Amino acid sequence: MGNPAGRTEIRVNKDLIVVVLMGGWSAEREVSLMSGKGVVAALEERGWKNVTALDMDRDIAAKLAELRPDVVFNALHGTPGEDGSVQGLMDIMGIRYTHSGVTTSAVAIDKQLTKAVLEPHGIPMPPGKVVESASLFEGDPLPRPFVLKPVNEGSSVGIAIVTEDSNVGHPISAKAEGPWQKFDRLLAETFIEGRELTVSVLGEEAFCVTELKPKAGFYDYEAKYTDGKTDHICPAHIPDDVAEAMKAHAVEAHRILGCKGVSRSDFRWDDEKGMDGIFLLETNTQPGMTPLSLVPEQARAIGMSYGELVEKIIAEALSR
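Here the structure is a predicted model, which means the values were calculated and not measured.

**Describing the sheet that holds strand 3 (residues 71-74)**
Line of reasoning, step 1. With parallel pairing, three strands are arranged side by side in an open sheet as 2-1-3. The sheet terminates laterally at strand 2 (50-56) and strand 3, the two strands that pair on one side only. Direction aside, the axes of adjacent strands within the sheet are offset by 25° on average.
Line of reasoning, step 2. Set on the sheet, helix 2 (residues 60-67) makes contact with strand 1 (17-23), strand 2 and strand 3; between it and strand 2 the angle comes to about 170°.

Right, dumping it as structure tokens:
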């Protein structure tokens, strides 16, 4: 897949005005704040002189107009920072920014739209459909086990795995705790047995494959962002042909969706089915940059420091 680290020195003007946009009001606010603070610290450590941390509020347009940044590092996660809303605002204001643009962001955050775009290109994804949450109280949308997830949330927010012995009822009870209490519409997908893996892509090249092994339950929001809850095997101990296939699917998803900068594609692999057991779950256009995040970890695995990664993402944004 080439060398995504790119061992040539990054040439950027460290006098440029950089705003690191973080926080906001999504369910992923705290993760975004951690990502943003990490980016700010890295830039300052590498000699950038004009870096401002900006916690997004409803006055974001006025604050950006006052700061007049040369580039915005978008460290937001979830809506409205990952769904195209903030991207559209910055496009109108003529501000350059990192990561993907309006259309890509709007499509990729919607799991069903992503499926509709990627599946015709031969990228394997779990079968499923969008359902009204109220319909779950009348009967299961798919044979158990199946997964229910919000159509447009990230970081495994609001995911439920419904099995034969789930304590949510049969059919699901409206009183049972789950995403059907918080979201009117959900994506129901066949649960893929096997292993959880992920691949980061920068530009058009994949880093490596990481396997995620939660110590209890599955890889949900708590497992992602609580130290010690999940073991990261980086690079994953999987056959070379499976690893190369996942990297190729991740690069292809990045290309088809029109991603810019860095993205991360998540997979399930049923190892009993070999190559036929690979399924892409989703592509994240604003992957985390926290100390526990997967993109920085994979960058380190190929010899790229956190600071280099941040600068490469900024350099890509400035090159457009």
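Next comes the rest of the account.
**Points about the environment of Ile238**
Line of reasoning, step 1. Mapped onto the fold, Ile238 is located in the loop between strand 10 (230-233) and helix 7 (240-257).
Line of reasoning, step 2. When the C-alpha atoms of Ile238 and Asp271 are compared, they prove to be 9.0 Å apart, with 33 residues separating the residues in sequence.
Line of reasoning, step 3. Not counting the four nearest positions on each side in its chain, Ile238 is found in contact with Arg195, Leu197, Val209, Ala243, Met246 and Trp269.

**A word on the packing of aromatic side chains**
Line of reasoning, step 1. Summed over the entire model, instances satisfying the criterion amount to zero aromatic pairs.
Line of reasoning, step 2. Above the plane of the ring of Trp25 lies Arg58, whose end atom (NZ or CZ) is 3.8 Å from the centre.

**Quick word on helix 5 (residues 111-118)**
Line of reasoning, step 1. For helix 5, the complete set of buried residues consists of Lys111, Thr114, Lys115 and Leu118. For helix 5, the buried positions fall inside an angular range of 100° around the axis, keeping them on one side.
Line of reasoning, step 2. The N-terminus of helix 5 is capped by Asp110, whose side-chain oxygen sits 3.1 Å from the backbone nitrogen of Gln112.

**So, the side chain of Ser293**
Line of reasoning, step 1. Mapped onto the elements, Ser293 comes out in the loop between strand 12 (278-284) and helix 8 (294-301).
Line of reasoning, step 2. Residue Ser293 is classed as buried on the basis of its relative accessible area of 5%.
Line of reasoning, step 3. Of the polar contacts made by the side chain of Ser293, one reaches the backbone nitrogen of Thr290; its length is 2.7 Å.

**Some thoughts on the pattern of salt bridges**
If the charged atoms of two oppositely charged side chains come close together, the side chains can form a pair.
Line of reasoning, step 1. Enumeration over the complete set of coordinates arrives at 17 salt bridges.
Line of reasoning, step 2. Taking the shortest distance from any N to any O, the salt bridge between Glu196 and Arg268 comes out at 3.0 Å. With Glu196 in strand 8 (residues 195-202) and Arg268 in strand 11 (residues 262-269), this pair connects stretches of sequence that are 72 residues apart. With respect to class, Glu196 is no different from Arg268; both count as buried.
Line of reasoning, step 3. For Glu244, the salt bridge is made with Lys247, and the minimal N-O distance between the two is 3.4 Å. With Glu244 and Lys247 both in helix 7 and three residues apart, this pair spans about one turn of that helix.

**Considering the nonpolar core**
Line of reasoning, step 1. Grouped together as the largest cluster of nonpolar side chains are 28 residues, with contacts concentrated most on Val20, Leu43, Phe73, Leu309 and Ile314.
Line of reasoning, step 2. The set of elements that each furnish at least two residues to this core consists of strand 1, helix 1 (29-45), strand 3, helix 8 and helix 9 (306-318).
Line of reasoning, step 3. Leave out the neighbours within four places in its chain, and Leu309 touches Leu202, Phe207, Met289, Val295, Pro296, Ala299 and Met304.
Line of reasoning, step 4. The next biggest cluster of nonpolar side chains, apart from the first, holds 26 residues, and it includes Met125, Val242, Trp269 and Ile278.

**Some words on the sheet that holds strand 4 (residues 128-132)**
Line of reasoning, step 1. Strand order in this open sheet of four strands is 4-7-5-6, and the pairing throughout is antiparallel. Each of the sheet's edge strands pairs with one partner strand only, and the pair in question is strand 4 and strand 6 (160-162). Between one strand and the next, the sheet's axes are offset by a mean angle of 30°, whatever the strand orientation.
Line of reasoning, step 2. This element, helix 5, spans strand 4, strand 5 (146-150) and strand 7 (185-190) of the sheet and lies at about 50° to strand 7.

Reading the values: the criteria
- Residues numbered from 1 in each chain as written.
- Predicted model: local features only at pLDDT ≥ 70, side-chain atom pairs only at ≥ 80, totals over all residues.
- Heavy atoms only, no water.
- Pairing = 2+ DSSP bridges.
- Helix = DSSP H or I, 4+ residues; strand = E, 2+ residues; numbered from the N terminus.
- Axes fitted to C-alpha atoms, helices over the stretch in contact; angles between N-to-C directions.
- Contact = heavy atoms within 4.5 Å.
- Phe/Tyr/Trp six-rings, centres within 6.5 Å; stacked < 30°, edge-to-face > 60°.
- Lys NZ or Arg CZ within 6 Å of the ring centre and 35° of its normal.
- Buried < 20%, exposed > 50% of the residue type's maximum accessible area, 1.4 Å probe, protein only.
- Arc of directions from axis to C-beta.
- Polar contact = N/O pair within 3.5 Å; in protein donor to acceptor, adjacent residues only side chain to side chain.
- Salt bridge = Lys/Arg side-chain N within 4 Å of Asp/Glu carboxyl O.
- Core = buried A, V, L, I, M, F, W, Y, C linked by side-chain atoms within 4.5 Å.

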